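Structural characterization, general
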Amino acid sequence: RRVVCVMLWFRSARKGDYPVVDRLLMQLHEVDVQGRPEQFAPCDHYMSREAFESLLENENVLAFLAQEQGEVLGCCFVSLLEHQGTVPGKVAYIDLLVVDKKHRRQGIGRAMFQHVRKYAHKIGADRVELMVWSYNDAAIQAYRSYGMTPQRSIYECGV
């Protein structure tokens, strides 16, 4: 693993960040379209501007960007959840974590994940969870290297 980011810092996402966040989310969507073309269709925007702005107004969502020297290198959205029917506790659920494809494998994803862990600890969450598609080998490998372990599997079949 090579780490080249030196001056990486995190800041809250703002409404004016929609174009750069949209670009990053479309990179994530490209992985989904390639991995499951029968389920994910090409589109112009992964998330509408209205949905993005609504997300930013949700007090149970942490939306942050990773920047270095003024350039946005990644973004992450984390929701605070409390699952019903389980032992009481809070979960910091990573809705998405994406690093710009030209900056991957430089430790940025790991730094963003550590930022989420610190946030989770600060708000009293018991754990961090996320979902990853089985075809996304790079993400699975990264999450395992962060110390995450599989929790469950979702199965499907056609009808």
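Attention in this report is confined to the structure presented alongside it. Because the structure is a prediction, the values reported are computed rather than measured.

In this structure the tally under the stated criterion is 8 salt bridges. Here Arg 11 ties to Asp 17 by a salt bridge, and the two come within 2.8 Å at their closest N and O atoms. The pair Arg 11 / Asp 17 is uniform in exposure class, with both members buried. Linked by salt bridges that have partners in common, Arg 36, Glu 38 and Glu 156 make up one network.

Let's shift gears to the packing of aromatic side chains. In the structure shown here, the tally under the stated rule is 7 aromatic pairs. Pairing Phe 52 with Phe 77 gives two aromatic rings, centres 6.3 Å apart and planes at 40°, and the pair type is tilted. Of this pair, Phe 52 sits in helix 2 (residues 49-57) while Phe 77 sits in strand 3 (residues 71-81); the two residues are 25 residues apart in sequence, bridging distant segments of the chain. The two residues Phe 52 and Phe 77 agree in class, both being buried. Geometrically, the ring pair formed by Trp 133 and Tyr 135 is stacked, given 5.8 Å between the ring centres and 20° between the ring planes. Overall, Trp 133 belongs to the partly exposed group, its relative accessible area being 26%. These aromatic residues form a ring-pair network of at least three members: Tyr 18, Phe 52 and Phe 77.

With that out of the way, let us pick up the nonpolar core. If you look at the biggest cluster of nonpolar residues, it comprises 24 residues, and the most contacted ones within it are Cys 76, Val 78, Ile 94, Met 112 and Val 128. Secondary structure elements with two or more residues in this core: strand 2 (61-68), strand 3, strand 4 (91-99), helix 3 (108-122), strand 5 (127-130) and helix 4 (137-145). Broken down by element, the residue count for this core peaks at 6 residues, all from helix 3. Aside from chain neighbours lying at most four places away, what touches Val 78 is Asn 60, Val 61, Leu 62, Ala 92, Tyr 93, Ile 94, Asp 95, Val 116 and Tyr 119. Counting 16 residues, the second-largest nonpolar core is a separate cluster that includes Val 21, Phe 52, Cys 75 and Phe 77.

Moving on: the side chain of Glu 68. Structurally, Glu 68 can be placed in strand 2. A relative accessible area of 18% means that Glu 68 is categorised as buried. A polar contact is formed between the side chain of Glu 68 and the backbone nitrogen of Met 7, at a distance of 3.5 Å.

Spatial ordering of the open sheet is given by 1-2-3-4-5, a layout of 5 strands whose pairing is mixed. Strands at the two margins of the open sheet, each flanked by one partner only, are strand 1 (9-12) and strand 5. Going across the sheet, the axis of each strand differs from the next one's by a mean of 30°, ignoring polarity. Strand direction decides the pairing type here: strand 3 and strand 4, joined by 8 bridges, are antiparallel. Within strand 4, the position partnered with Cys 75 by the bridge is Val 98. Across the face of the sheet, helix 1 (residues 18-35) comes into contact with strand 2, strand 3 and strand 4 while running at roughly 80° to strand 3.

Rules behind the numbers
Residues numbered from 1 in each chain as written. Predicted model: local features only at pLDDT ≥ 70, side-chain atom pairs only at ≥ 80, totals over all residues. Heavy atoms only, no water. Salt bridge = Lys/Arg side-chain N within 4 Å of Asp/Glu carboxyl O. Buried < 20%, exposed > 50% of the residue type's maximum accessible area, 1.4 Å probe, protein only. Phe/Tyr/Trp six-rings, centres within 6.5 Å; stacked < 30°, edge-to-face > 60°. Helix = DSSP H or I, 4+ residues; strand = E, 2+ residues; numbered from the N terminus. Core = buried A, V, L, I, M, F, W, Y, C linked by side-chain atoms within 4.5 Å. Contact = heavy atoms within 4.5 Å. Polar contact = N/O pair within 3.5 Å; in protein donor to acceptor, adjacent residues only side chain to side chain. Pairing = 2+ DSSP bridges. Axes fitted to C-alpha atoms, helices over the stretch in contact; angles between N-to-C directions.

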